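So you can see what is in the structure, the chains are spelled out below.
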Amino acid sequence: MTPRHPISTLWPGVVAVLLVFGCAEAPAGGPGEYDSLEELAASVLAQIDGEVTLSGLREPVEVIRDERGVPHIYAGNTDDLFFAQGFVMAQDRLWQMDLWRHWREGRLAEIYGPAAVEYDERARLLMFRGPFDETEWTSYHPEAVRIFTAYANGVNAFIEQNADNLPVEFQLTGIRPDPWTAETVVLRWAQIALPSVRGNAIQEIQLAMDVARLGVEEANRRAAPDPWDDLVVPEGLDLSLFTDELLDAARAGDADPFDGDRLPDLEVIEPYSALVSEVQTARLSAPWNPMDAGSNNWVVSGSRTESGVPILANDPHRRVEMPALRYFVHLNAPEWHLFGGGEPPFVGVHSGNNETMAWGFTYAGTDMVDLFVEELHPDDPGQTRWRDGWVPIEVITEEIWVKGEDTPRTVELKFSRNGPIFYEDLENRRAFAVRSVNQEPGTAPYFGNFALAQATSCTDFFDRAMSWRVPTHSLVCGDADGNIALQVSGLTPDRDGWNGRLPVPGDGRYEWTGFRSDLPREMNPERGYVATANNNVHPDDYEGRPVFYHSSIGAETSRIVRLRQLLDEAENTTVEEHGRIQHDSYSLQAERDLPLFQGWTSDDPEVERARELIQGWDAVLSAETTAGAIYVRWTAAVDEAALDSASPEDERRSIVESGLREAIDRLTGEWGGDWSEWRYGRIHTSEFSHMLASEFDLPPIERPGGFGTLNATGANFRRIVDLSDIDNSIWINSPGQSGQLGSPFYANARETLASGEYMPVLFSREAVESRAVHSLTLQPGG
């Protein structure tokens, strides 16, 4: 078993620092000189023109920002390129990056207090603890240490240069960011239920409980695995051990701490408290909503484009937030020429293109986590059974600093041979441990992008895509030579004797024998396109063991069905036409339901008016549609019996009519009796809540789409890449590039979330210079 190291040896100085709040220095103007947050924010805006001298650079670096705030970084070498990227990202998103870091390092309690301790314990328990050796670093790129160190140095350069002039959130809270290292950059997701992973440990517990309650056959029928699997209870598994207490323990500290009201609001220090009327808990990531989360991607071959060269489109969906989760950047240096975007910590380009090849992703759902039931020694709970003997549990003691407390809390973290132990049932002499790919080398999220970044075509895409270990994705590729491809990615365990759907005994009968290389793939299919939307992407002729099990019950499949409809008809397409596909708001669910409103009339004049509107509606969920608003409210009110074709027709009509009456009453209560005010966009509204203060919020925006359409609620980051001419490509990222209040790029893309207006990708130097609005030169020195 690989030794695990305390956090203090991984990030020296981190746990030895006791943060003292309320001691922050005010910016140069003095605390009494600011009458508003806007004035304070303006005083600490990052410099984006002129020159800045920075220690750590080898040569000058040019940073050109275009009219939408995308930084185009021109460097003479790899070190300077990623140093500059780190500096620029800290300029625009340091607060977002710092909160991400506290979460992933298990240090939220330092700034949020006791309510965050359980999240810190979970993060510490499940984090990757090394070794940070050649196996780890070269999993990402042969020069990963160099790249990540340069990036961290760039972040640190901004922090050091602006120690007394940090972004406004740091001024308001007194929080001070710690220096970054290469190890900071590769922090992992640390959750039992990995984001987007189907078949995670929590679902294993739930399925085991269902089997105990319903029996194998009924529990499996209700689970409805896709592909189908005849569920088999692993030999030696005691189903009576799976209880609500165990389920609660698995969930504790595992949820997104920034989703909802799980954490208290941060305190605003003096002298700034009078400037802030309301603070709010930061939000860093999105919940998984099957109707409006997920992602879309596709790539069409030259046989379906006007240019005769592939076009690739990608819109990975997450919650709309302020600032945006993702960020676009253009990187230029010898051996590097990339345009695209990513999420914290923002290193490289997660979803992007180079000069001849582009890639995009959607979540695939391979099973990356397993639950092991450990038998404890009858006399010594510090040992677990392993084959014919007993092995010791490894224990690590760590300290968690908690805001408002004078001394740190001490926690014991326990690890079996199989992995971290999150629950002990001493009465039954059992412990429950999880093994996750997150504890394996090379699993920092999205960093498979470095293998793809320097590809010249899709011909070696399959090999390069296998470096994309986390998250589990359906990666698509298109290149200027005309190739298109799909590769399911993700470090997927090769299980000996079971498929991962249920927990297994941890005594050695069930082990990972390695990782699978036979993940589904496709190259240049005859249909002329590859498309995914979080659907089951096992090809019809796939002969291997399934790599994941989706569920056909409650699954949202309308996006992939609609996408295939549109692509099947696509001929001579342009990027503009693919933009229309990304914003397609046609509802297949409404199409299915429209016959329910035909062939009858109601004696209630308002119900009849509503019925006629829906009957004549085109099933497109535009922001302005009244029929769409009534229909969506009707779906929330109507009894499911209305959809049962076996029920008598008059009974179904009565149920439909009753649902319409409820929808009308609800809309009247919400917006009054003027039906022109009943816009669907008022139902489908996206808010822009800032990560700290409500004064920084942007006005909400009414939107088309959502409700299972291709134009999903979470689609605010979009790319369409024309491989015949990269400068002809387009993108959207709402509400803006910068997270700094007062920046011209803080909210200048807000309207695009509703309008669907794309920005041009400025890839060639000529195109960049034609739309340049700011230029900053980073000079070596200092």
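Conventions adopted
- Residues numbered from 1 in each chain as written.
- Predicted model: local features only at pLDDT ≥ 70, side-chain atom pairs only at ≥ 80, totals over all residues.
- Heavy atoms only, no water.
- Core = buried A, V, L, I, M, F, W, Y, C linked by side-chain atoms within 4.5 Å.
- Buried < 20%, exposed > 50% of the residue type's maximum accessible area, 1.4 Å probe, protein only.
- Helix = DSSP H or I, 4+ residues; strand = E, 2+ residues; numbered from the N terminus.
- pLDDT = per-residue confidence, 0-100.
- Contact = heavy atoms within 4.5 Å.
- Disulfide = S-S within 2.5 Å.
- Salt bridge = Lys/Arg side-chain N within 4 Å of Asp/Glu carboxyl O.
- Expected span 1.5 Å × (residues − 1).
- Polar contact = N/O pair within 3.5 Å; in protein donor to acceptor, adjacent residues only side chain to side chain.
- Axes fitted to C-alpha atoms, helices over the stretch in contact; angles between N-to-C directions.
- Left-handed = near helix turned anticlockwise from the far one by under 90°.
- Nonpolar A, V, L, I, M, F, W, Y, C, P; charged D, E, K, R; others polar.
- Pairing = 2+ DSSP bridges.
- Bend = angle between axes of the 7 residues up to and from the residue.
- Phe/Tyr/Trp six-rings, centres within 6.5 Å; stacked < 30°, edge-to-face > 60°.
- Lys NZ or Arg CZ within 6 Å of the ring centre and 35° of its normal.

The biggest cluster of nonpolar side chains holds 153 residues, and the ones touching the most others in it are Phe 148, Leu 172, Phe 242, Phe 422, Phe 461 and Leu 778. Here the element with the most residues in this core is helix H3 (residues 78-105); it accounts for 14 residues. With 31 residues, the next largest nonpolar core counts Trp 600, Leu 660, Trp 671 and Trp 675 among its residues.

Looking at the protein as a whole, its pLDDT mean stands at 91, while 93% of the residues score no less than 70. Scored below 50 in pLDDT, residues 11-29 makes 47 contacts in the model with residues more than four places away or belonging to other chains. Scored below 50 in pLDDT, residues 284-291 shows 31 contacts in the model against residues more than four places distant or in partner chains.

Our next topic: the state of the cysteines. Should the sulfur atoms of two cysteines be covalently bonded, the bond is a disulfide. Applying the stated criterion across every chain yields a total of 1 disulfide. Between Cys 458 and Cys 477 runs a disulfide, and the two sulfur atoms are separated by 2.0 Å. As the torsion about the S-S bond is roughly -95 degrees, the Cys 458-Cys 477 disulfide counts as left-handed. In this pair, Cys 458 sits in the loop between helix H13 (449-453) and helix H14 (461-465) while Cys 477 sits in strand E18 (residues 473-479), placing the two residues 19 residues apart along the sequence. Among the residues examined, Cys 477 registers a relative accessible area of 0% and is labelled buried.

Quick look at the environment of Glu 766 now. Following the sequence through the fold, Glu 766 ends up in helix H23 (residues 765-770). According to the relative accessible area criterion, Glu 766 is exposed, its value standing at 65%. Residues Glu 766 and Ser 351, 415 residues apart in the sequence, show an inter-C-alpha distance of 23 Å.

Let us now look at the pattern of salt bridges. Using the criterion set out here, one finds 48 salt bridges in the structure. For Asp 210, the salt bridge identified is with Arg 213, shortest N-O distance 3.1 Å. Here the residue Asp 210 and the residue Arg 213 both occupy positions in helix H10 (residues 201-214), the gap between them amounting to 3 residues, near one helical turn. You can call Arg 213 exposed: its relative accessible area is 57%. Taking the shortest distance from any N to any O, the salt bridge between Arg 435 and Glu 440 comes out at 3.1 Å. Residue Arg 435 is classed as partly exposed on the basis of its relative accessible area, which comes to 25%. One continuous salt-bridge network, built from bridges that share partners, spans Arg 101, Glu 105, Arg 107, Glu 110 and Asp 178.

With 12 residues, helix H19 (residues 626-637) extends 17 Å from end C-alpha to end C-alpha; this agrees with the ideal 16 Å at 1.5 Å per step. Most of H19 is tucked away, with 9 of its 12 residues classed as buried. Of the residues making up H19, those classed as buried are Thr 626, Ala 627, Gly 628, Ala 629, Ile 630, Tyr 631, Val 632, Arg 633 and Trp 634. Those residues of H19 hidden inside the fold are in contact with helix H17 (588-593), helix H18 (605-615), helix H20 (649-671) and helix H21 (680-683). Looking at where H19 begins, the residue whose side-chain oxygen comes 3.3 Å from the main-chain nitrogen of Ala 627 is Thr 625.

Let us now look at the packing of H19 against H20. Interhelical geometry of H19 versus H20 gives an angle of 115 degrees and a closest axis separation of 8 Å. Relative to H20, the crossing made by H19 is right-handed. Residues Ala 629, Ile 630, Arg 633, Trp 634, Ala 636 and Ala 637 of H19 form the contact with H20, whose own contacting residues are Val 656, Gly 659, Leu 660, Glu 662, Ala 663, Arg 666, Leu 667, Glu 670 and Trp 671. In the contact of H19 with H20, the residues fall into 10 nonpolar, 1 polar and 4 charged.

Spatially, 6 strands are ordered E24-E5-E6-E28-E29-E30 in an open sheet, and the strand pairing comes out antiparallel. Only two strands of the sheet have a single neighbouring strand rather than two, namely strand E24 (529-532) and strand E30 (759-760). In this sheet, E30 lies alongside strand E29 (residues 730-733) in antiparallel orientation, the contact comprising 2 bridges. Looking across to E30, one finds that Ile 730 is bridged to Pro 760. Along the sheet face, helix H15 (residues 558-568) touches strand E5 (295-300) and E24 and points at about 160 degrees away from the line of E24.

With that out of the way, let us pick up the environment of Leu 40. Along the chain, the position of Leu 40 falls in helix H2 (residues 37-43). With relative accessibility at 0%, the residue Leu 40 sits in the buried group. Spatially, the C-alpha atoms of Leu 40 and Glu 751 are 26 Å apart, while their sequence positions differ by 711 residues.

Moving on, we come to H3. Each α-helix winds once per 3.6 residues, and so residues spaced three or four apart point in a common direction. Its 28 residues place the ends of H3 only 27 Å apart at the C-alpha level, less than the 40 Å of an ideal helix rising 1.5 Å per residue. At Arg 93, H3 shows its maximal bend, which comes to roughly 95 degrees. Residue Asn 77 occupies the N-cap position of H3, its side-chain oxygen lying 3.2 Å from the main-chain nitrogen of Asp 79. Following H3 by one or two positions, Gly 106 adopts a phi angle in the positive range, close to 70 degrees.

As a general point, the strands of a sheet are linked pairwise by backbone hydrogen bonds and lie either parallel or antiparallel. Spatial strand order, E16-E17-E11-E21: 4 strands in an open sheet with mixed pairing. Whereas interior strands pair on both sides, the edge strands pair on one side only; in this sheet they are strand E16 (421-425) and strand E21 (504-505). Here 2 bridges tie strand E11 (residues 369-375) to E21, and the two strands are oriented parallel to one another. Looking across to E21, one finds that Phe 372 is bridged to Val 504. Contacts from H10 reach E11, E16 and strand E17 (430-436), with the element oriented near 60 degrees to E11.

Below, the discussion takes up the environment of Gly 616. Relative to the helices and strands, Gly 616 resides in the loop between H18 and H19. Looking at Gly 616, the relative accessible area reads 66%, which means it is exposed. Placed 19 residues apart in sequence, Gly 616 and Phe 597 show a C-alpha to C-alpha distance of 9.5 Å.

The subject of this paragraph is the packing of aromatic side chains. One pair of aromatic rings is described through two measures. These are the centre distance and the angle between the planes. Enumeration according to the criterion identifies 33 aromatic pairs in this entry. Note on Phe 87 and Phe 158: the rings are 5.7 Å apart at their centroids and 75 degrees apart in plane angle, and the pair reads as edge-to-face. With Phe 87 in helix H3 and Phe 158 in helix H7 (residues 144-161), the pair connects residues that are 71 residues apart, well separated along the chain. The exposure class of Phe 87 is buried, given its relative accessible area of 1%. Judged by relative accessible area, Phe 158 falls into the buried class, the value being 3%. Here the aromatic cluster, defined as three or more aromatic residues joined through ring pairs, consists of Phe 82, Phe 128, Phe 132, Trp 137, Tyr 140, Phe 148, Trp 336, Phe 447 and Phe 450. Between the NZ or CZ atom of Arg 521 and the centre of the ring of Phe 462, over which it lies, the distance is 4.5 Å. Residue placement shows Arg 765 over the ring face of Tyr 74; its charged tip is 4.2 Å from the ring centre.

Examined against the element boundaries, Thr 574 turns out to sit in the loop between H15 and helix H16 (575-582). With a relative accessible area of 19%, Thr 574 lands in the buried category. Side chain to side chain, Thr 574 and Glu 576 meet in a polar contact 3.1 Å long. Other than its neighbours up to four places away in sequence, Thr 574 contacts Glu 306 and Ile 311.

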